[in-house]
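Observations on the model geometry
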Amino acid sequence: MADLSGLSDEALAVFAFAAYHQLATGRRILSVVQKDGAGHRASTAAVDELDGRGLVRADGREIVFTPAGEEALERVVAAIRGARKT
């Protein structure tokens with residue numbers, strides 16, 4: 001199981017962004033844009049942190065979730081869905 005403990009808020013924001021898109025579209029998200037050309041981008045430090053944990057691979061334009069990252073994203077989405085039960 002992918003360990004998200006100790007991740008920075010910026011690194012967690014990558015998962016939050018992906019979770020938003022998954023919840024909004026109903027589609028499984030396998031990657032997100034790293035830099036959109038309109039001024040929005042993921043922090044380089046966050047991407048490096050996630051890459052160092054083996055959760056993503058990035059090429060400067062796109063952040064691709066590894067199998068461990070995909071599993072972590074599913075857990076994040078499940079936690080968000082679970083929050084509505086409280």
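Residues numbered from 1 in each chain as written. Predicted model: local features only at pLDDT ≥ 70, side-chain atom pairs only at ≥ 80, totals over all residues. Heavy atoms only, no water.

**Some details on the environment of alanine 68**
- Inspection of the secondary structure puts alanine 68 in helix α3 (residues 67-83).
- Overall, alanine 68 belongs to the partly exposed group, its relative accessible area being 27%.
- In this structure, the C-alpha to C-alpha distance between alanine 68 and aspartate 3, residues 65 residues apart in sequence, is 8.9 Å.
- When sequence neighbours within four positions are dropped, the list of residues in contact with alanine 68 reads Ala2, Gly54 and Leu55. (Helix = DSSP H or I, 4+ residues; strand = E, 2+ residues; numbered from the N terminus. Buried < 20%, exposed > 50% of the residue type's maximum accessible area, 1.4 Å probe, protein only. Contact = heavy atoms within 4.5 Å.)

**Structural notes on the sheet that holds strand β2 (residues 56-58)**
- In spatial order, the strands read β1-β3-β2; together these three strands make up an open sheet with antiparallel pairing. In the strand order of this sheet, the two ends are held by β1 (31-33) and β2, each with one partner. For this sheet the average axis-to-axis angle between neighbouring strands, irrespective of direction, equals 20°.
- By the bridge criterion, three bridges tie β2 to strand β3 (residues 62-65) in an arrangement that is antiparallel. When the bridges of β3 are listed, valine 56 appears paired with phenylalanine 65.
- Strands β2 and β3 of the sheet are contacted by helix α2 (residues 44-52), whose axis makes an angle of about 130° with β2. (Pairing = 2+ DSSP bridges. Axes fitted to C-alpha atoms, helices over the stretch in contact; angles between N-to-C directions.)

**Some points on the pattern of salt bridges**
- Tallied over the entire structure, the rule returns three salt bridges.
- Between glutamate 70 and arginine 28 there is a salt bridge; the shortest N-O distance is 2.5 Å. With glutamate 70 in helix α3 and arginine 28 in the loop between α1 (9-25) and β1, this pair connects stretches of sequence that are 42 residues apart.
- Among the residues examined, glutamate 70 registers a relative accessible area of 19% and is labelled buried.
- In this structure, arginine 57 engages aspartate 51 in a salt bridge whose closest nitrogen and oxygen atoms are separated by 2.7 Å. (Salt bridge = Lys/Arg side-chain N within 4 Å of Asp/Glu carboxyl O.)

**Brief notes about the pairing of β3**
- Only one face of β3 is covered, namely the one carrying Ile63 and Phe65; the face carrying Glu62 and Val64 has none of its residues buried.
- With three bridges connecting them, β1 and β3 associate as antiparallel partners. Bridge assignment links valine 32 to a residue of β3, and that residue is isoleucine 63.
- Where β2 hands over to β3, the hairpin turn is made up of three residues, of which glycine 60 adopts a positive phi near 100°.

Just geometry here; none of it tells us what the structure is for.
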